[in-house]
Amino acid sequence: MPSDSADPDSRWEEASAARVVPPARPRKLAKVPFVELADGRLQGVVSSGSDISRVYVSSVAVRTFAFACSTNNNRPCGGARGSFCKHIEALIAEAVLQYGGDRVGRYLRVDLADAAPTAGSISSTMRATRPAQGDTSAAAPVFSRFLRHLAYLELAATTAPLPEMQWFPPTRTAVA
């Protein structure tokens with residue numbers, strides 16, 4: 001039952017649609033086409049700098065900053081040995097562009113003295129803790145979500161509902 005709250009921002013929590021938060025700043029999708037703060041990690045897909053057909057699935061865990069980076073066919077990243085590789089650094093930089101430094105820092109629980117955290121300050125603070133290399137078990141679901149996003153981009157623009165997005169009945173309709 002909808003609340004009678006005067007706060008319009010609280011109404012979205014009761015709707016069958018999610019509020020879309022606009023990016024903090026526009027970003028180019030060529031290097032990091034997919035980035036998300038989900039499942040207790042900053043995670044995403046990063047394009048290879050040397051092979052156009054290869055992508056890396058990279059992640060950094062909340063609190064521990066355990067990191068993982070592997071190709072889309074689960075081959076380990078050669079640069080992620082003992083410290084963040086260039087793919088993880090690119091992921092952090094794009095996450096700050098997408099979500100803003102404050103939100104990324106809060107989500108990862110990075111103790112920052114900066115008033116306005118940057119990708120560099122977040123990354124260096126996490127690296128200073130000497131995080132362990134994590135497992136790559138999250139790579140498959142992250143890559144799968146990335147492919148799902150690509151599939152939605154290929155759909156023609158329409159206002160008609162998508163059957164797989166119909167988890168809840170439309171708002172303001174009577175349920176029999």
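Residues numbered from 1 in each chain as written. Predicted model: local features only at pLDDT ≥ 70, side-chain atom pairs only at ≥ 80, totals over all residues. Heavy atoms only, no water.

Q: Give a detailed account of the packing of aromatic side chains, specifying residues and quantitative values.
A: Taken as a whole and judged by the stated rule, the model has 3 aromatic pairs. Considering the side-chain rings of F34 and F146, the 5.9 Å spacing of their centres and the 45° angle between planes classify their relative orientation as tilted. Highlighted residues: F34 in strand 1 (residues 34-38) and F146 in helix 4 (residues 139-153), separated in sequence by 112 residues. Using a relative accessible area of 9% as the deciding quantity, one classes F146 as buried. For the pair F143 and F146, a centre-to-centre distance of 5.9 Å together with 45° between the ring planes defines the contact as tilted. Pair noted here: F143 and F146 are both in helix 4, with a separation of 3 residues, about one helical turn. Here F143 falls in the buried class, since its relative accessible area comes to 16%. An aromatic cluster of at least three residues, connected via ring pairs, comprises F34, F143 and F146. (Phe/Tyr/Trp six-rings, centres within 6.5 Å; stacked < 30°, edge-to-face > 60°. Helix = DSSP H or I, 4+ residues; strand = E, 2+ residues; numbered from the N terminus. Buried < 20%, exposed > 50% of the residue type's maximum accessible area, 1.4 Å probe, protein only.)

Q: So, the environment of Y56: which residues are in play, and what are the values?
A: Along the polypeptide, Y56 turns up in strand 3 (residues 55-61). Judged by relative accessible area, which is 10%, Y56 ranks as buried. Along the chain, Y56 and R75 lie 19 residues apart, while their C-alpha atoms are 9.1 Å from each other.

Q: Let's hear about the confidence of the model for the protein: which residues, and what values?
A: The share of residues in the protein with pLDDT of 70 or more is 79%, and the mean pLDDT across the chain is 82. Taken together, the stretch residues 1-5 has pLDDT below 50 and engages in 5 contacts with residues farther than four places along the chain or on a different chain. (pLDDT = per-residue confidence, 0-100. Contact = heavy atoms within 4.5 Å.)

Q: Break down the pattern of salt bridges for me, citing the residues and quoting the values.
A: Going through the model one piece at a time under the given rule, you end up with 5 salt bridges. One salt bridge in this structure joins E36 and R145, with 2.7 Å as the shortest N-O distance. Of the two residues, E36 sits in strand 1 while R145 sits in helix 4, which places them 109 residues apart along the sequence. R145 gets classed as partly exposed once you look at its relative accessible area, which sits at 29%. Salt-bridge contacts for E89 lead to R127; the nearest nitrogen and oxygen are separated by 3.0 Å. Taken together, the positions of E89 in helix 1 (residues 86-99) and R127 in helix 3 (residues 119-128) put the pair 38 residues apart, joining distant regions of the chain. Taken together, the salt bridges that share partners define one network made up of E36, D39, R41 and R145. (Salt bridge = Lys/Arg side-chain N within 4 Å of Asp/Glu carboxyl O.)

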